[in-house]
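Spelled out from the first residue to the last, the chains are:
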Amino acid sequence: MLKGKVAVVTGGSRGIGAAICKLFAKNGAEIAFLYAGNTQKAEETQKELEAMGVKAKGYQCNVADATQVAATVKEIVADFGGIHILVNNAGITKDKLIPMMKAEEFDAVVDTNLKGSFYMIKQVYPLFLKQKSGKIINISSVSGLIGNAGQANYSASKAGVVGLTKSVAKELASRGVCCNAIAPGFIATDMTETFTANEEIKNAIPMKRFGQAEDVAKLALFLASEASDYITGEVIRIDGGMAM
Amino acid sequence: MVFEKVAAMLAEKLECEVSKITMDTKFEALGIDSLDVMELLMNVEEEFGTEIELGDNKVNAVGDLVTLIESKLQ
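Residues numbered from 1 in each chain as written. Chains lettered and ligands numbered in written order. Predicted model: local features only at pLDDT ≥ 70, side-chain atom pairs only at ≥ 80, totals over all residues.

Which residues make up the interface of chain B and chain A, and what are the values?
Across the boundary between the two partners, chain B contributes four residues, which contact four residues of chain A. By residue class, the composition of the side of chain B that touches chain A is three nonpolar, no polar and one charged. (Contact = placed C-beta atoms within 7 Å. Nonpolar A, V, L, I, M, F, W, Y, C, P; charged D, E, K, R; others polar.)

Next up, the structure:
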């Protein structure tokens, strides 16, 4: 489904990002993924992707740093010859009730989750504009749609991603570029292990189970492929019915 | 030199006579939107091998763009 395409995935070394990298690679895409700090995990992921017969490379980059993002995207274009798909997946949490949440903790989450997505989009924008095609997929969260106690920073950043998605979609719709958001509910990854150990939360999900990273990857594949060419500015929940 | 290049690029894009484009021609009158101007700027960057940011500059007429490019090239 993605043969001949180059996909850039942020936060790609593990969790949802790694699942997206693997499914995209399985479908023929070349993969450039960004990771924050876990070089060992990134090397493992790169090897796994290469074993699938596609070109793949991990780039260490803090997406909250606009200068690093610009340099990394330039490097990717030089290495891969272009970019066709961008998945803004890199995300962090610093969960606390508001009285305990420091301003710096609010900023850090917004800087990575929201501004990081903006910086990435800013870099691929001219490329997509010029080639008159491209797919941008932003990973938001159900938390950004309905809020979540203890996640004021995270929810705000993910709600921001929804606004960002719709603005980008409107700016680039006439140029054949699609921009959509995925809003996952509770997906079993390292980042959510404090939640996924909780039976009460599980019972609040109509499907009575946590999602898998691969579930999100399948939706990302649809949004990255031609199958979704007439969809833009959309936010799709993938949450076992939790937020309906 | 810059004007001639920009006019030629515009004429090619719009498939019109290059003589129809002057420094005073408004982009709006040519049916060119802000994204088209950005695209034009990117082509100019490639042509002249320089990076030009629109920044806060208002680019309404062909002359505005030419002046901006010339200032960056100096």
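Mind laying out the packing of helix α1 (residues 15-26) of chain A against helix α9 (residues 213-224) of chain A, listing which residues take part and the relevant values?
All names here are of chain A. Interhelical geometry of α1 versus α9 gives an angle of 50° and a closest axis separation of 8 Å. As the angle between them shows, α1 and α9 are arranged oblique. Crossing geometry of α1 relative to α9 is assigned as right-handed. Residue-level contacts link G15, I16, A19, I20, L23 and F24 of α1 to A213, E214, V216, A217, K218, A220, L221 and A224 of α9. Counted by class, the contact of α1 with α9 contains eleven nonpolar, one polar and two charged residues. (Axes fitted to C-alpha atoms, helices over the stretch in contact; angles between N-to-C directions. Helix = DSSP H or I, 4+ residues; strand = E, 2+ residues; numbered from the N terminus. Parallel < 35°, antiparallel > 145°, perpendicular 65-115°, else oblique. Left-handed = near helix turned anticlockwise from the far one by under 90°.)

I'd love a proper account of the environment of A:I201, names of residues and values included.
Residues and elements named next belong to chain A. Inspection of the secondary structure assignment puts I201 in helix α8 (residues 199-203). Note: C-alpha distance between I201 and M242 (41 residues apart in sequence) is 10.0 Å. Look past the residues within four positions of I201 in its chain and what remains in contact with it is F186 and F195.

Give a detailed account of the confidence of the model for chain B, specifying residues and quantitative values.
For any part of a model where pLDDT is low, the fine detail of the predicted coordinates should not be relied upon. Per-chain confidence: chain B averages 86 in pLDDT, with 100% of residues scoring 70 or above. Looking across chain B, the model is least confident in helix α2 (residues 34-48) of chain B, with a mean pLDDT of 85, and most confident in helix α1 (residues 2-14) of chain B, with 90. (pLDDT = per-residue confidence, 0-100.)

Lay out α1(B) with the relevant residues and their values.
Here α1(B) spans 18 Å end to end across 13 residues, near enough to the 18 Å set by a 1.5 Å rise per residue. Following α1(B) by one or two positions, B:E15 has its phi on the positive side, about 55°. (Expected span 1.5 Å × (residues − 1).)

Please set out the pairing of strand β5 (residues 134-139) of chain A residue by residue, giving values where relevant.
Moving residue by residue along a regular strand, the side chains alternate between the two faces of the sheet. Residue and element names in this part refer to chain A. In terms of burial, β5 is largely enclosed, as six of its six residues are buried. Residues G134, I136 and N138 line one face of β5 and the alternating positions K135, I137 and I139 line the opposite face, and both faces are buried. Sheet topology note: the strand β4 (residues 85-88)/β5 ladder contains four bridges and is parallel. Note on β5: the bridge partner recorded for L86 is I136. Taking the sense of rotation as the criterion, the β-α-β connection linking β4, helix α4 (residues 103-131) and β5 turns out right-handed. As judged from the six bridges shared by β5 and strand β6 (residues 177-184), these two strands associate in the parallel manner. Following the sheet pairing, G134 is matched in β6 by V177. (Buried ≥ 20, exposed ≤ 12 C-beta atoms within 10 Å, placed from the backbone. Pairing = 2+ DSSP bridges. Right-handed = clockwise from strand over helix to strand, strands pointing away.)

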